[in-house]
Amino acid sequence: MKDDNAQKNGFGSILKKYEKEKALVLESISELIVFQDIKQNILWLNKTAADSVEKTQEELIGEKCYSVWHNSNKICVNCPVVASLKIGEPTSGEISTPEGRTFFIRGFPVRDNDGKIIGTVEVARNITKLKQTEKNLIESEERYRNLFESSPYSIGIFDLDGTLIDCNKATGKLLSTHNLENHIIGKHFREFWAYHEKDKPNISLFEGILNKLKKDRETLEFEFPINRSTGGVLWAHAIASLIKLGSEERIRFIVQDITERKHAEQVLETSEIKYREAYNRIDFYKDIFSHDINNIFQNIHSSVELFDLNTEQSINMEKNDELLDIIREQIKRGTNLVSNVRRLSEIENKDLTLQKCEIIKVLKKVIDALIKVSKKREINVQIQNEPKEVYIKANELLPDIFENLLINAVRHNQNSLVEILIKFSRVVKDGVNFIKLEFIDNGIGIFPEMKEKIFQRGQVEKKDKVGLGLGLTLVKKIIENYNGQIWVEDKVAGDYTRGSNFIIKFPEEV
Amino acid sequence: MMISTFGFTVVGKANNGKEAIEKYNALTNKPDVILMDHRMPVQNGIDTSIILLKLKKPPKIIFISADKSVKTRALALKGLTFIEKPFSVTALHDEIIKVLGKS
């Protein structure tokens, strides 16, 4: 008996020791551990569990689990501990308490030696902070996504190889597509950039941007043309930055459509160029006009002076008629100059409407007028291969072409007989029928260096290297308006002194 | 006509500066004076005068122009005189006489 007691006392102390060790282990665990019977009565709990409701362990023994943590008289819906009792297997799940704490709970059924379930061990972890962080993250992601999607600017995220991995709806709008996944995502940056083949850079554009971003670690702003998926090109202003998304480095592009601004700039630039050109032209014409008219007045003035001198002194009277002719000629030149300046201004300031015109009649009328006003000169005008009728698209300025060419042929001719041959022919170029007119004269000819320049007065020619008259500038401008061409050759190739051949080509109207 | 009225003989006329130099060099009987315009095709009066004034025996040049800026440039060349347009024929006559008197 004594031995039995002694034996009992021995087991008892061992048992106590184990109990103490078990309690020590369970108490040192930071998770909540609650042992309860099948009616959810708490049989044992660790200090962490009691601390979670600010009570002592002793106070909670015998209490209902749902009453302690949920302040309720009913079993919690979806309680994993209850579920583990029902199905007889460990179960887990999340439960939120009325005051807003969230626990991750695992329930382990406890069986007796016969396998009958006699209770459960509940192991719970307070995951409130984790859940809050997760919630914050989701909200932050939502906020970011919301900002991303509601941005009026296109935002695109590229990986460092230049592939688009994400973009917002504005990007679809910018590129005229709703199907971002199939039309945009996954494309390389180079597929968006609408550069001309001739401007193709040696280094990949994206590589260039990436290198600069990495070097400067600052945002990079630039403008570039983009291919629209529906065709056409738009202009964009981009702000590129290196960003970190998670552990990955990406490039974010914020892109704004500046096509309208770009077009407005181009229009402004063009109109500024046009305005400057017009200003320069006016300035040039003003200069030429004042110079030429000054010369004309000088010639008239000198002729009048000589006339008076001859008359006063009754000398060289036979030359007075010649002086009067000079005065008349100078007046004609002045009138012609004024008319040409006016015509040039008309051509450059408005769009001239063209209509079908017959040119033979116009030409003959001009020839008749020339002979009438040049009575003092002997003029012989011949027309070779004269067609019955020839039509071109022209307007009221057509006579000015013939008038200027014929007047020049007479004026710049020192022969006693002015000979002008007008040759007609037809040529076909690129399937277009042209009527070709050649005005061949026996005048003083045109220097080789001057053959192109004589048509360019009023353009870029230096003021001090030009001669008198704006006639050929006007002629060229009218002909170009008619989609024609004019150039000059020597009458005898290589010897300009024998005279000139002004050649004109007009598209023929059938 | 203006020149011949005063009894001077015109030995040559040129339509531009380049032709003027060619003609001047080709003449056996060189002119006593050249009346030089400025605005001419191919080569202007200033450039032509520069070349002529560099000759071993430079000609006398009366430069005639209405351009005020040209007057300064022309007179800076030294060795020529200048008449501003518009001028009277008697002024030209007097200038020719003056220039010839200097020789």
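Above this note sits the structure.
Along every chain, residues carry numbers that run from 1 in the direction the sequence is written. For naming, the first written chain is A and the first written ligand is 1, with later ones following in the order written. For this predicted model, a pLDDT threshold of at least 70 governs which residues receive local features, and a threshold of 80 or more governs which side-chain atom pairs are given and counted, while totals over whole chains, interfaces and linings are taken from all residues.

J.: Would you take a moment to explain the interface of chain B and chain A for this structure?
T.: Size of an interface, as often reported, equals the accessible area lost when the parts are brought together. Contacts here follow a simple rule: the backbone-placed C-beta atoms of the two residues must lie within 7 Å. Taken residue by residue, the interface counts 16 residues in chain B and 19 residues in chain A. Under this grouping Gly is polar, as are all residues other than the nonpolar Ala, Val, Leu, Ile, Met, Phe, Trp, Tyr, Cys and Pro and the charged Asp, Glu, Lys and Arg. Across the side of chain B that touches chain A, the residue classes tally to eight nonpolar, six polar and two charged.

J.: Looking at this structure, I do not really get the sheet that holds strand S10 (residues 248–257) of chain A. What am I missing?
T.: Where strands meet in a sheet, backbone hydrogen bonds hold them as pairs that are either parallel or antiparallel. Residue and element names in this part refer to chain A. The strand order S7-S6-S10-S9-S8 describes an open sheet built from five strands, whose pairing is antiparallel. For this open sheet the edge positions go to strand S7 (164–167) and strand S8 (220–227), each flanked by a neighbour on one side alone. In this sheet, neighbouring strand axes are inclined to one another by 35 degrees on average, regardless of whether the strands run parallel or antiparallel. What makes two strands pair is DSSP finding at least two bridges between them. Comment: elements are numbered from the N terminus, with helices defined as DSSP H or I runs of at least four residues and strands as E runs of at least two. Examined bridge by bridge, strand S9 (residues 233–245) and S10 share ten bridges and lie antiparallel to one another. In the strand pairing of S10, Ala236 is matched with Asp257. Every axis in this analysis is a line fitted to C-alpha atoms, fitted for helices over the stretch in contact. Angles between the N-to-C directions lie between 0 and 180 degrees. Across the sheet, helix H10 (residues 205–216) lies against S8, S9 and S10, angled at about 45 degrees from S9, the strand it touches most.

J.: Is there a simple way to think about the sheet that holds strand S2 (residues 42–45) of chain A in this case?
T.: All names here are of chain A. Taken in spatial order, the five strands line up as S2-S1-S5-S4-S3 in an open sheet, and their pairing is antiparallel. At either end of the open sheet lies a strand with only one pairing partner, and these are S2 and strand S3 (91–96). On average, each strand axis in the sheet is tilted by 25 degrees relative to the strand beside it, whichever way the strands run. Direction of pairing for strand S1 (residues 32–37) relative to S2: antiparallel, over a ladder of three bridges.

J.: How do you make sense of the packing of helix H12 (residues 320–349) of chain A against helix H15 (residues 471–481) of chain A when you look at a structure like this?
T.: When two helices pack together, you describe them by how their axes are tilted relative to each other and by the distance separating the axes. All names here are of chain A. Close contact between H12 and H15 brings their axes to 10 Å; oriented N to C, the two are set at 30 degrees. By the angle between their directions, the pair H12 and H15 is classed as roughly parallel. Of the two possible hands of crossing, H12 and H15 adopt the one that is left-handed. Contact with H12, carried on its side by Asn340, Arg343, Leu344 and Ile347, involves Gly471, Thr473, Leu474, Lys477, Ile478 and Asn481 of H15 and no other residues of that element. Here the contact of H12 with H15 is built from residues that sort into four nonpolar, four polar and two charged. Geometric relationships in this document are graded by angle, where less than 35 degrees denotes roughly parallel, more than 145 denotes roughly antiparallel, 65 to 115 denotes roughly perpendicular, and other angles denote oblique. Two helices cross in a left-handed way if the nearer one is turned anticlockwise from the farther one by less than a right angle. They cross in a right-handed way if the turn is clockwise.

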